[in-house]
Amino acid sequence: MEATIEISLYPLLQKNAQENYKHIVLEFLETIKKNKSISIETNGLSSIIYGNYDDIIKLFSNEIKFFIKKHTSVFVFKLAKGKLKYN
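Anyway, here's the lowdown on the structure attached to this text.

About the thresholds
Residues numbered from 1 in each chain as written. Predicted model: local features only at pLDDT ≥ 70, side-chain atom pairs only at ≥ 80, totals over all residues. Heavy atoms only, no water. Buried < 20%, exposed > 50% of the residue type's maximum accessible area, 1.4 Å probe, protein only. Helix = DSSP H or I, 4+ residues; strand = E, 2+ residues; numbered from the N terminus. Pairing = 2+ DSSP bridges. Patch = residues over 30% accessible without salt bridge, like charges linked within 9 Å, V, L, I, M, F, W, Y side chains within 5 Å. Areas by Shrake-Rupley, 256 points an atom, 1.4 Å probe, with all protein chains shown as cover. Salt bridge = Lys/Arg side-chain N within 4 Å of Asp/Glu carboxyl O.

This part is about the pairing of strand β3 (residues 47-52). Counting buried positions over the 6 residues of β3 gives 5, a clear majority of the element. Judged from the 6 bridges that link them, strand β1 (residues 2-11) and β3 form a sheet pairing that is antiparallel. Looking across to β3, one finds that I7 is bridged to S47. Of the strand pairs in this sheet, strand β2 (residues 38-42) and β3 are connected by 5 bridges, and their pairing is antiparallel. Residue pairing for β3: T42 is matched across the bridge by S47. Adjacent in sequence and paired antiparallel, β2 and β3 are bridged by 4 residues.

The structure is reproduced here in structure tokens:
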């Protein structure tokens, strides 16, 4: 089954410039972009990921767990069935 996820990452409690918001978000995006079974679009507010439901959930299970351990963060996401692309 195809799925679409809209996700936003909000890093909290940044202590220095190495842990700035932009760096942490880009690190997360680069990590998930390595997975060739999904496609991703980014904008200033969120990222939208398209792909197989099981692939997305497996990827997120691993990567979100890693990022929550590494950076104090909040993830907000919406999950829908199908490829909800408007263009």
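Across the 10 residues of β1, 7 count as buried, placing the element largely inside the fold. Pairing of β1 with strand β4 (residues 73-81), which is carried by 9 bridges, proceeds in the antiparallel orientation. Residue pairing across strands places T4 opposite A80, the latter belonging to β4.

A contiguous nonpolar patch, built from M1, Y53, I57, F77 and L79 and spanning about 460 Å² of accessible area, is present on the exposed surface. Among the elements of the structure, α2 (53-70) and β4 are those that each provide at least two residues to the nonpolar patch. The residue M1 is located in the segment before β1 in this model.

The next subject is the pattern of salt bridges. Between side chains of opposite charge, a pair can form as their charged atoms come close. If you walk through the whole model with that rule in mind, you get 2 salt bridges. The salt bridge partner of K78 is E6, with a shortest N-O separation of 3.2 Å. One end of the pair, K78, is in strand β4; the other, E6, is in strand β1, with 72 residues separating them in the sequence. You can call K78 exposed: its relative accessible area is 56%. The shortest N-O distance in the salt bridge between E27 and K70 comes to 2.5 Å. Of this pair, E27 sits in helix α1 (residues 21-33) while K70 sits in helix α2, and the two are 43 residues apart along the sequence.

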